[in-house]
Amino acid sequence: MKSPPINKAANAATRLAKVLDHSEQIKDVVEECAEELSSVNLVLKESLADIDHQPEVENAIEKSGEVKGKVQEAAEQLTIVNQALEHEIREREVLEHQLISVRQQEASARHEAFHDALTGLPNRVLFNDRLEHGLAQAKRHEWTLAIMFLDLDEFKSINDQYGHDAGDHVLKIISKRLIETTRVDDTVSRHGGDEFLYLIMEVDDRQDIALIAEKIIKALQAPCKVGKLELVVTASIGISVFPDDGESADVLIKSADKAMYQAKRTKSGYAFAGKH
Ligand SMILES: Nc1nc2c(ncn2[C@@H]2O[C@H](COP(=O)(O)OP(=O)(O)OP(=O)(O)O)[C@@H](O)[C@H]2O)c(=O)[nH]1
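Residues numbered from 1 in each chain as written. Predicted model: local features only at pLDDT ≥ 70, side-chain atom pairs only at ≥ 80, totals over all residues. Heavy atoms only, no water.

Examining the packing of aromatic side chains
Inference 1: This structure, assessed with the given rule, holds one aromatic pair.
Inference 2: On the numbers, 6.3 Å between centres and 85° between planes, the contact of Tyr-270 with Phe-272 is edge-to-face. (Phe/Tyr/Trp six-rings, centres within 6.5 Å; stacked < 30°, edge-to-face > 60°.)

Considerations on the nonpolar core
Inference 1: Counting residues in each nonpolar core, the largest one holds 31 residues, and the members touching the most others are Met-148, Leu-150, Leu-152, Val-170, Ile-174 and Leu-178.
Inference 2: In terms of residue count, the dominant contributor to this core is helix H5 (residues 164-180) (six residues).
Inference 3: When neighbours within four sequence positions are excluded, Leu-152 is seen to be in contact with Leu-171, Ile-174, Asp-194, Phe-196, Leu-220, Val-233, Thr-234, Ala-235 and Lys-264.
Inference 4: One finds Leu-131, Leu-135, Phe-242 and Leu-252 within the second-largest nonpolar core, a separate group that totals 16 residues. (Core = buried A, V, L, I, M, F, W, Y, C linked by side-chain atoms within 4.5 Å. Buried < 20%, exposed > 50% of the residue type's maximum accessible area, 1.4 Å probe, protein only. Helix = DSSP H or I, 4+ residues; strand = E, 2+ residues; numbered from the N terminus. Contact = heavy atoms within 4.5 Å.)

Some points on the site of the ligand
Inference 1: In the vicinity of the ligand, 16 residues are found, and the nearest of them are Glu-154, Phe-155, Asp-168, Asp-194 and Lys-264.
Inference 2: The backbone of Leu-152 places a nitrogen or oxygen atom 3.0 Å from an oxygen atom of the ligand.
Inference 3: Protein contacts shield 64% of the accessible area of the ligand, which totals 660 Å² for the unbound molecule.
Inference 4: Looking at the shell around the ligand, the elements that each hand over two or more residues are strand E1 (145-152), helix H4 (155-162) and H5.
Inference 5: Here the shell around the ligand takes four residues from H5, the largest share from any one element.
Inference 6: In terms of residue class, the shell around the ligand is built from four nonpolar, four polar and eight charged. (Near = heavy atom within 4 Å. Polar contact = N/O pair within 3.5 Å; in protein donor to acceptor, adjacent residues only side chain to side chain. Areas by Shrake-Rupley, 256 points an atom, 1.4 Å probe, with all protein chains shown as cover. Nonpolar A, V, L, I, M, F, W, Y, C, P; charged D, E, K, R; others polar.)

Things to note about the domain arrangement of the protein chain
Inference 1: Entries for the protein chain in the domain assignment read domain 1 (5-114) and domain 2 (124-272).
Inference 2: Computed over C-alpha atoms only, the centres of domain 1 and domain 2 are separated by 66 Å. (Domains from an automatic or database assignment.)

Re the sheet that holds strand E6 (residues 235-242)
Inference 1: Within the open sheet, the five strands sit side by side as E2-E3-E1-E6-E7. Their pairing is mixed. The outermost strands of the open sheet, each flanked by one partner alone, are strand E2 (187-192) and strand E7 (270-272). Going across the sheet, the axis of each strand differs from the next one's by a mean of 20°, ignoring polarity.
Inference 2: Bridge analysis of E2 against strand E3 (residues 195-200) gives five bridges, and the strand direction is antiparallel. Paired with Thr-187 across the two strands is Leu-199, which belongs to E3. (Pairing = 2+ DSSP bridges. Axes fitted to C-alpha atoms, helices over the stretch in contact; angles between N-to-C directions.)

Overview of unusual backbone geometry
Backbone phi values are negative for most residues with the exception of glycine, while trans is the configuration of most peptide bonds.
Inference 1: Of note, the bond from Phe-242 into Pro-243 is cis; its omega dihedral lies within 30 degrees of zero at 10°.
Inference 2: Although it is not a glycine, Glu-202 adopts a positive phi angle of roughly 50°.
Inference 3: Here Glu-202 shows up in the loop between E3 and helix H6 (206-221).
Inference 4: The exposure class assigned to Glu-202 is partly exposed, which follows from its relative accessible area of 44%.
Inference 5: In this structure, Lys-267 is a non-glycine residue whose phi angle is positive, near 50°.
Inference 6: Mapped onto the elements of the fold, Lys-267 is located in the loop between helix H7 (249-266) and E7.

Quick look at H5
Inference 1: If you check H5, its first and last C-alpha atoms are 24 Å apart, about what 17 residues at 1.5 Å a residue would give, namely 24 Å.
Inference 2: The complete set of buried residues in H5 reads Ala-166, Gly-167, Val-170, Leu-171, Ile-173, Ile-174, Ser-175, Arg-177 and Leu-178. (Expected span 1.5 Å × (residues − 1).)

Quick notes on the pairing of E1
Inference 1: Of all eight residues that make up E1, eight are buried, and the element is covered over most of its length.
Inference 2: What you see with E1 is no split at all: Leu-145, Ile-147, Phe-149 and Asp-151 on one side and Ala-146, Met-148, Leu-150 and Leu-152 on the other are buried throughout.
Inference 3: Inspection of the sheet shows E1 paired to E3 by six bridges, in the antiparallel sense. Paired with Leu-150 across the two strands is Phe-196, which belongs to E3.

Examining the pairing of E2
Inference 1: Here E2 lies mainly inside the structure; five of its six residues are buried.
Inference 2: Counted along the chain from E2 to the antiparallel partner E3, the turn is two residues long, and its residue Gly-193 has a positive phi close to 55°.

The following block contains the structure:
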(Lines give C-alpha, C1' and ligand atoms only; values in the text may rest on other atoms or scores of the structure.)
Protein backbone atom coordinates (compact mmCIF):
# COMPACT_ATOMS: atom_id res chain seq x y z
CA MET A 1 0.00 0.00 0.00
CA LYS A 2 1.27 3.50 -0.84
CA SER A 3 2.13 5.48 2.29
CA PRO A 4 0.57 8.93 2.54
CA PRO A 5 2.93 11.99 2.33
CA ILE A 6 2.71 12.75 6.09
CA ASN A 7 3.93 9.25 6.93
CA LYS A 8 6.69 9.57 4.36
CA ALA A 9 7.82 12.85 5.94
CA ALA A 10 7.69 11.31 9.41
CA ASN A 11 9.77 8.37 8.11
CA ALA A 12 12.32 10.83 6.71
CA ALA A 13 12.96 12.30 10.18
CA THR A 14 13.17 8.81 11.68
CA ARG A 15 15.62 7.72 8.97
CA LEU A 16 17.72 10.82 9.57
CA ALA A 17 17.77 10.09 13.32
CA LYS A 18 19.10 6.61 12.52
CA VAL A 19 21.86 8.12 10.32
CA LEU A 20 22.77 10.44 13.22
CA ASP A 21 22.88 7.50 15.60
CA HIS A 22 25.24 5.65 13.25
CA SER A 23 27.40 8.72 12.77
CA GLU A 24 27.66 9.23 16.57
CA GLN A 25 28.90 5.64 16.90
CA ILE A 26 31.54 6.25 14.18
CA LYS A 27 32.59 9.47 15.93
CA ASP A 28 33.05 7.54 19.21
CA VAL A 29 35.24 4.96 17.40
CA VAL A 30 37.32 7.70 15.74
CA GLU A 31 37.79 9.49 19.10
CA GLU A 32 38.79 6.21 20.71
CA CYS A 33 41.37 5.64 17.91
CA ALA A 34 42.83 9.14 18.47
CA GLU A 35 43.15 8.48 22.20
CA GLU A 36 44.73 5.07 21.66
CA LEU A 37 47.17 6.50 19.12
CA SER A 38 48.06 9.22 21.59
CA SER A 39 48.80 6.80 24.43
CA VAL A 40 50.73 4.43 22.10
CA ASN A 41 52.85 7.38 20.90
CA LEU A 42 53.52 8.40 24.49
CA VAL A 43 54.71 4.91 25.40
CA LEU A 44 56.89 4.77 22.28
CA LYS A 45 58.45 8.17 23.04
CA GLU A 46 59.20 7.16 26.62
CA SER A 47 60.75 3.85 25.47
CA LEU A 48 62.81 5.66 22.84
CA ALA A 49 64.31 7.97 25.44
CA ASP A 50 65.88 4.92 27.12
CA ILE A 51 67.45 3.38 24.02
CA ASP A 52 69.92 4.55 21.38
CA HIS A 53 69.03 7.12 18.84
CA GLN A 54 67.00 5.45 16.05
CA PRO A 55 65.90 7.97 13.37
CA GLU A 56 63.50 5.49 11.58
CA VAL A 57 61.61 4.87 14.79
CA GLU A 58 61.52 8.62 15.52
CA ASN A 59 60.14 9.23 12.01
CA ALA A 60 57.50 6.56 12.53
CA ILE A 61 56.45 8.14 15.83
CA GLU A 62 56.28 11.55 14.15
CA LYS A 63 54.11 10.09 11.37
CA SER A 64 51.94 8.42 13.95
CA GLY A 65 51.58 11.79 15.70
CA GLU A 66 50.40 13.31 12.41
CA VAL A 67 47.91 10.47 11.93
CA LYS A 68 46.63 11.06 15.46
CA GLY A 69 46.15 14.76 14.59
CA LYS A 70 44.17 13.84 11.47
CA VAL A 71 42.03 11.34 13.37
CA GLN A 72 41.31 14.01 16.01
CA GLU A 73 40.37 16.47 13.27
CA ALA A 74 38.07 13.85 11.72
CA ALA A 75 36.40 13.40 15.12
CA GLU A 76 35.89 17.19 15.38
CA GLN A 77 34.45 17.31 11.84
CA LEU A 78 32.14 14.44 12.71
CA THR A 79 30.94 16.41 15.75
CA ILE A 80 30.08 19.35 13.46
CA VAL A 81 28.31 17.03 10.98
CA ASN A 82 26.31 15.44 13.80
CA GLN A 83 25.29 18.84 15.15
CA ALA A 84 24.05 19.76 11.67
CA LEU A 85 22.14 16.48 11.52
CA GLU A 86 20.53 17.16 14.91
CA HIS A 87 19.51 20.61 13.72
CA GLU A 88 18.06 19.12 10.50
CA ILE A 89 16.07 16.53 12.50
CA ARG A 90 14.59 19.27 14.74
CA GLU A 91 13.68 21.34 11.65
CA ARG A 92 12.01 18.36 10.01
CA GLU A 93 10.04 17.58 13.14
CA VAL A 94 8.73 21.15 13.20
CA LEU A 95 7.85 20.89 9.47
CA GLU A 96 6.12 17.55 10.02
CA HIS A 97 3.94 19.03 12.75
CA GLN A 98 3.08 21.96 10.49
CA LEU A 99 2.29 19.56 7.65
CA ILE A 100 0.02 17.45 9.87
CA SER A 101 -1.81 20.56 11.07
CA VAL A 102 -2.27 21.86 7.48
CA ARG A 103 -3.60 18.45 6.38
CA GLN A 104 -6.02 18.40 9.31
CA GLN A 105 -7.23 21.89 8.42
CA GLU A 106 -7.65 20.78 4.79
CA ALA A 107 -9.63 17.70 5.84
CA SER A 108 -11.85 19.76 8.10
CA ALA A 109 -12.38 22.40 5.35
CA ARG A 110 -13.27 19.60 2.91
CA HIS A 111 -15.73 18.16 5.45
CA GLU A 112 -17.28 21.61 6.01
CA ALA A 113 -17.65 22.13 2.25
CA PHE A 114 -19.67 18.93 1.89
CA HIS A 115 -21.56 18.68 5.18
CA ASP A 116 -24.20 20.62 7.03
CA ALA A 117 -22.72 22.37 10.09
CA LEU A 118 -25.71 21.79 12.41
CA THR A 119 -26.51 18.14 11.75
CA GLY A 120 -23.30 16.81 10.16
CA LEU A 121 -25.38 15.34 7.29
CA PRO A 122 -24.14 15.61 3.69
CA ASN A 123 -25.16 18.97 2.24
CA ARG A 124 -26.68 19.91 -1.11
CA VAL A 125 -23.29 19.88 -2.89
CA LEU A 126 -22.42 16.35 -1.76
CA PHE A 127 -25.97 15.12 -2.41
CA ASN A 128 -25.92 16.46 -5.98
CA ASP A 129 -22.57 14.82 -6.56
CA ARG A 130 -23.83 11.47 -5.23
CA LEU A 131 -27.02 11.81 -7.28
CA GLU A 132 -25.11 12.49 -10.51
CA HIS A 133 -22.85 9.54 -9.79
CA GLY A 134 -25.86 7.36 -8.84
CA LEU A 135 -27.70 8.28 -12.04
CA ALA A 136 -24.66 7.41 -14.17
CA GLN A 137 -24.45 4.00 -12.46
CA ALA A 138 -28.20 3.45 -12.75
CA LYS A 139 -28.10 4.19 -16.50
CA ARG A 140 -25.21 1.80 -16.99
CA HIS A 141 -26.73 -1.06 -14.97
CA GLU A 142 -30.42 -0.31 -15.66
CA TRP A 143 -31.19 0.21 -11.99
CA THR A 144 -34.23 1.95 -10.54
CA LEU A 145 -33.45 4.83 -8.15
CA ALA A 146 -35.69 6.81 -5.84
CA ILE A 147 -35.34 10.40 -4.71
CA MET A 148 -37.26 11.47 -1.64
CA PHE A 149 -37.87 15.09 -0.73
CA LEU A 150 -38.69 15.27 2.97
CA ASP A 151 -39.99 18.43 4.62
CA LEU A 152 -40.97 18.71 8.30
CA ASP A 153 -44.55 19.79 8.96
CA GLU A 154 -45.10 23.14 10.67
CA PHE A 155 -41.58 23.23 11.96
CA LYS A 156 -41.79 27.01 12.29
CA SER A 157 -44.21 26.57 15.21
CA ILE A 158 -41.50 24.69 17.18
CA ASN A 159 -39.13 27.64 16.76
CA ASP A 160 -41.92 30.09 17.56
CA GLN A 161 -43.11 28.27 20.68
CA TYR A 162 -39.90 26.88 22.17
CA GLY A 163 -37.12 28.96 20.60
CA HIS A 164 -34.52 28.48 17.90
CA ASP A 165 -32.21 26.38 20.11
CA ALA A 166 -35.02 23.88 20.74
CA GLY A 167 -35.61 23.85 16.95
CA ASP A 168 -31.91 23.12 16.37
CA HIS A 169 -32.05 20.30 18.89
CA VAL A 170 -35.06 18.76 17.13
CA LEU A 171 -33.28 19.02 13.75
CA LYS A 172 -30.30 17.15 15.19
CA ILE A 173 -32.49 14.38 16.67
CA ILE A 174 -34.42 14.03 13.40
CA SER A 175 -31.17 13.89 11.41
CA LYS A 176 -29.84 11.10 13.64
CA ARG A 177 -33.01 9.09 13.07
CA LEU A 178 -32.85 9.70 9.32
CA ILE A 179 -29.27 8.41 9.22
CA GLU A 180 -30.38 5.32 11.14
CA THR A 181 -33.00 4.56 8.48
CA THR A 182 -30.47 4.89 5.64
CA ARG A 183 -28.73 1.92 4.03
CA VAL A 184 -24.96 2.07 3.41
CA ASP A 185 -25.26 2.88 -0.30
CA ASP A 186 -28.01 5.47 0.17
CA THR A 187 -27.57 9.13 1.05
CA VAL A 188 -29.61 11.41 3.26
CA SER A 189 -28.76 15.10 3.15
CA ARG A 190 -29.97 18.35 4.62
CA HIS A 191 -30.82 20.94 2.03
CA GLY A 192 -31.16 23.70 4.57
CA GLY A 193 -34.04 24.68 6.85
CA ASP A 194 -36.30 21.72 7.55
CA GLU A 195 -35.74 20.06 4.15
CA PHE A 196 -33.95 16.76 3.65
CA LEU A 197 -33.24 14.79 0.48
CA TYR A 198 -32.76 11.06 0.18
CA LEU A 199 -31.11 9.13 -2.60
CA ILE A 200 -32.10 5.49 -2.58
CA MET A 201 -30.02 3.30 -4.81
CA GLU A 202 -31.15 0.13 -6.55
CA VAL A 203 -34.78 -0.34 -5.50
CA ASP A 204 -36.97 -3.12 -6.87
CA ASP A 205 -40.31 -1.37 -7.29
CA ARG A 206 -42.65 1.30 -5.92
CA GLN A 207 -43.88 -1.04 -3.20
CA ASP A 208 -40.31 -1.26 -1.96
CA ILE A 209 -39.95 2.52 -2.03
CA ALA A 210 -43.26 2.98 -0.19
CA LEU A 211 -42.01 0.66 2.56
CA ILE A 212 -38.91 2.82 2.97
CA ALA A 213 -41.04 6.00 3.16
CA GLU A 214 -43.27 4.36 5.80
CA LYS A 215 -40.19 3.31 7.76
CA ILE A 216 -38.91 6.92 7.74
CA ILE A 217 -42.29 8.30 8.84
CA LYS A 218 -42.43 5.74 11.65
CA ALA A 219 -38.90 6.64 12.78
CA LEU A 220 -39.94 10.28 13.10
CA GLN A 221 -43.10 9.51 15.10
CA ALA A 222 -41.39 9.11 18.48
CA PRO A 223 -41.32 12.37 20.47
CA CYS A 224 -38.04 14.34 20.43
CA LYS A 225 -36.79 14.97 23.96
CA VAL A 226 -35.58 18.53 24.30
CA GLY A 227 -34.85 19.20 27.97
CA LYS A 228 -38.11 18.46 29.74
CA LEU A 229 -40.13 18.85 26.55
CA GLU A 230 -41.29 16.01 24.34
CA LEU A 231 -41.90 17.41 20.87
CA VAL A 232 -43.60 15.44 18.15
CA VAL A 233 -42.62 16.29 14.60
CA THR A 234 -44.15 14.85 11.46
CA ALA A 235 -42.89 15.06 7.89
CA SER A 236 -44.21 14.99 4.35
CA ILE A 237 -42.30 13.06 1.71
CA GLY A 238 -42.39 13.47 -2.07
CA ILE A 239 -40.94 10.66 -4.15
CA SER A 240 -39.65 10.62 -7.71
CA VAL A 241 -38.34 7.54 -9.45
CA PHE A 242 -35.60 7.18 -12.04
CA PRO A 243 -36.14 6.53 -14.94
CA ASP A 244 -39.98 6.89 -14.85
CA ASP A 245 -40.14 10.50 -13.60
CA GLY A 246 -37.08 11.90 -15.34
CA GLU A 247 -33.52 11.27 -16.40
CA SER A 248 -31.75 14.28 -14.90
CA ALA A 249 -31.00 15.21 -11.29
CA ASP A 250 -32.72 18.55 -11.67
CA VAL A 251 -35.99 17.13 -13.03
CA LEU A 252 -36.07 14.33 -10.47
CA ILE A 253 -35.54 16.71 -7.52
CA LYS A 254 -38.21 19.10 -8.82
CA SER A 255 -40.67 16.22 -9.28
CA ALA A 256 -40.00 14.97 -5.74
CA ASP A 257 -40.43 18.51 -4.38
CA LYS A 258 -43.78 18.83 -6.18
CA ALA A 259 -44.92 15.46 -4.85
CA MET A 260 -43.92 16.56 -1.33
CA TYR A 261 -46.33 19.51 -1.56
CA GLN A 262 -49.06 17.13 -2.64
CA ALA A 263 -48.34 14.89 0.38
CA LYS A 264 -48.43 17.99 2.63
CA ARG A 265 -51.71 19.20 1.14
CA THR A 266 -53.41 15.85 1.42
CA LYS A 267 -51.68 14.94 4.74
CA SER A 268 -50.91 11.56 3.21
CA GLY A 269 -47.39 11.29 4.70
CA TYR A 270 -45.87 10.49 1.33
CA ALA A 271 -46.79 10.80 -2.34
CA PHE A 272 -45.24 9.64 -5.60
CA ALA A 273 -44.62 12.05 -8.47
CA GLY A 274 -46.61 11.47 -11.65
CA LYS A 275 -49.53 9.06 -12.03
CA HIS A 276 -48.32 5.49 -11.68
N1 LIG B 1 -34.03 26.00 14.62
C2 LIG B 1 -33.80 26.14 13.32
N3 LIG B 1 -34.77 26.55 12.50
C4 LIG B 1 -34.51 26.68 11.20
C5 LIG B 1 -33.26 26.39 10.66
N6 LIG B 1 -33.31 26.62 9.32
C7 LIG B 1 -34.56 27.02 9.04
N8 LIG B 1 -35.30 27.04 10.17
C9 LIG B 1 -36.70 27.43 10.34
O10 LIG B 1 -37.52 26.41 9.82
C11 LIG B 1 -38.79 26.95 9.58
C12 LIG B 1 -39.33 26.39 8.29
O13 LIG B 1 -40.57 26.97 8.14
P14 LIG B 1 -41.49 26.82 6.88
O15 LIG B 1 -40.64 26.74 5.64
O16 LIG B 1 -42.50 27.90 6.95
O17 LIG B 1 -42.11 25.43 7.04
P18 LIG B 1 -43.04 24.80 8.16
O19 LIG B 1 -43.26 25.68 9.34
O20 LIG B 1 -42.44 23.48 8.44
O21 LIG B 1 -44.39 24.66 7.42
P22 LIG B 1 -44.79 23.59 6.31
O23 LIG B 1 -43.56 23.22 5.58
O24 LIG B 1 -45.77 24.28 5.43
O25 LIG B 1 -45.38 22.43 7.04
C26 LIG B 1 -38.62 28.47 9.57
O27 LIG B 1 -39.17 29.00 10.74
C28 LIG B 1 -37.11 28.66 9.59
O29 LIG B 1 -36.71 29.82 10.28
C30 LIG B 1 -32.23 25.98 11.54
O31 LIG B 1 -31.10 25.69 11.17
N32 LIG B 1 -32.54 25.85 12.87
